[in-house]
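Results of the structural survey
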Amino acid sequence: MRWSAFFILAYLLIGVQIGISHAGSATAAHPAIVLLGAVFIALNAPRKVALLACFILGLIQDLMTLQPLGVSAVEYALVALLVVNAQDVVYRNHPLTHAFLGLVCGLLGAVTLLMHAWIYGLLRRKLNEAGLPVGRELLGVLYTALAAPVVLGILQRMTRYFGFRTVRAASRTRVIRSAGPRWS
């Protein structure tokens with residue numbers, strides 16, 4: 001994977017996410033565009049690269065928002081783990097696959113954020129004051145699932161700029177190189 005293309009993508013996705021967040025009110029639900037970027041990377045990159053890239057993407061988002069450091073990083077690492085294990089059984093370019101992955105990964109991300117809010121509330125004894133924003137998170141998951149075919153469709157057309165190499169392609173080149181001449 002070309003890391004320069006990854007950091008440009010991360011910059012653009014976080015910029016769009018911040019723009020969408022500030023376009024509505026602070027309590028309004030919005031799609032998780034950076035989460036869809038993590039799904040894109042996990043769909044196309046090899047396992048180790050995808051896990052590292054999604055964790056870094058989450059750390060960058062945590063640094064740009066008011067969330068505690070590591071919440072989005074853990075969320076996107078879990079998303080990458082889920083999607084990388086499904087790489088071989090999904091059709092990467094189909095809009096229904098994109099919508100389904102947006103829904104499932106959005107739910108996983110919402111559960112992660114809600115668990116963090118619940119545990120933080122228990123530790124601070126402020127659970128009754130703030131409450132859990134379950135409705136807003138579920139509406140955000142729905143928006144993410146609806147935006148997934150568009151966002152992932154656009155990103156899938158740009159895979160050649162990222163230089164993704166699958167594990168199968170890497171192992172195939174090693175086998176060809178190590179085979180040697182057949183006549184000896």
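A few points on the structure. Here the structure is a predicted model, which is why all the values come from computation and not from measurement. (Residues numbered from 1 in each chain as written. Predicted model: local features only at pLDDT ≥ 70, side-chain atom pairs only at ≥ 80, totals over all residues. Heavy atoms only, no water.)

Focus on the packing of aromatic side chains
As a reminder of what qualifies: Centres within 6.5 Å are what make two rings of Phe, Tyr or Trp a pair, Trp counting through its six-membered ring; a difference in plane orientation under 30 degrees is then read as stacked, over 60 as edge-to-face, and the rest as tilted. Per the convention used, a helix needs a DSSP run of H or I reaching at least four residues, while a strand needs a run of E reaching at least two, with both numbered from the N terminus. For every residue, the accessible area (1.4 Å probe, protein chains only) is compared with the maximum for its type, and the residue is labelled buried under 20%, exposed over 50%, or partly exposed between those bounds.
Under the definition given, this model contains 6 aromatic pairs. Ring geometry for F40 and F162: centres 5.3 Å apart, planes at 70 degrees, overall edge-to-face. Placement of F40 in helix α2 (residues 33-44) and of F162 in the loop between α7 (134-156) and α8 (167-179) is noted, with a sequence separation of 122 residues between them. What makes F162 buried here is its relative accessible area of 5%. Both rings, one in F162 and one in F164, keep their centres 5.5 Å apart while their planes meet at 10 degrees; by these two values the pair is stacked.

A closer look at helix α1 (residues 3-23)
Because an α-helix packs 3.6 residues into every turn, residues spaced three or four apart end up facing the same way. For clarity, the cut-off: Between the first and last residue of a helix there are one fewer steps than residues, each counted as 1.5 Å, and that sum is the expected span. An arc is given here, and it is the one of the directions from the helix axis to the C-beta atoms. Only heavy atoms enter the contact rule, under which two residues are in contact if any of them lie within 4.5 Å.
The terminal C-alpha atoms of α1, which comprises 21 residues, lie 30 Å apart, in line with the 30 Å expected from a rise of 1.5 Å per residue. When we look at burial in α1, the residues that qualify are A5, F6, L9, A10, L13, I14 and Q17. On an axial view of α1, the arc spanned by its buried residues comes to 160 degrees, and they lie on one face. Of the residues in α1, the exposed ones pointing more than 90 degrees away from the buried face are S4, I8, Y11, H22 and A23. On the buried face of α1, the contacting elements are α2, α3 (47-64) and α7.

Here we look at α7
When the terminal C-alpha atoms of α7 are compared, their 31 Å separation across 23 residues agrees well with the 33 Å that a helix rising 1.5 Å per residue should span. Within the span of α7, buried status applies to E137, G140, V141, T144, A145, A147, A148, V151, L152, L155 and Q156. Looking at the packing, one finds that the buried side of α7 touches α1, α2 and α5 (95-124).

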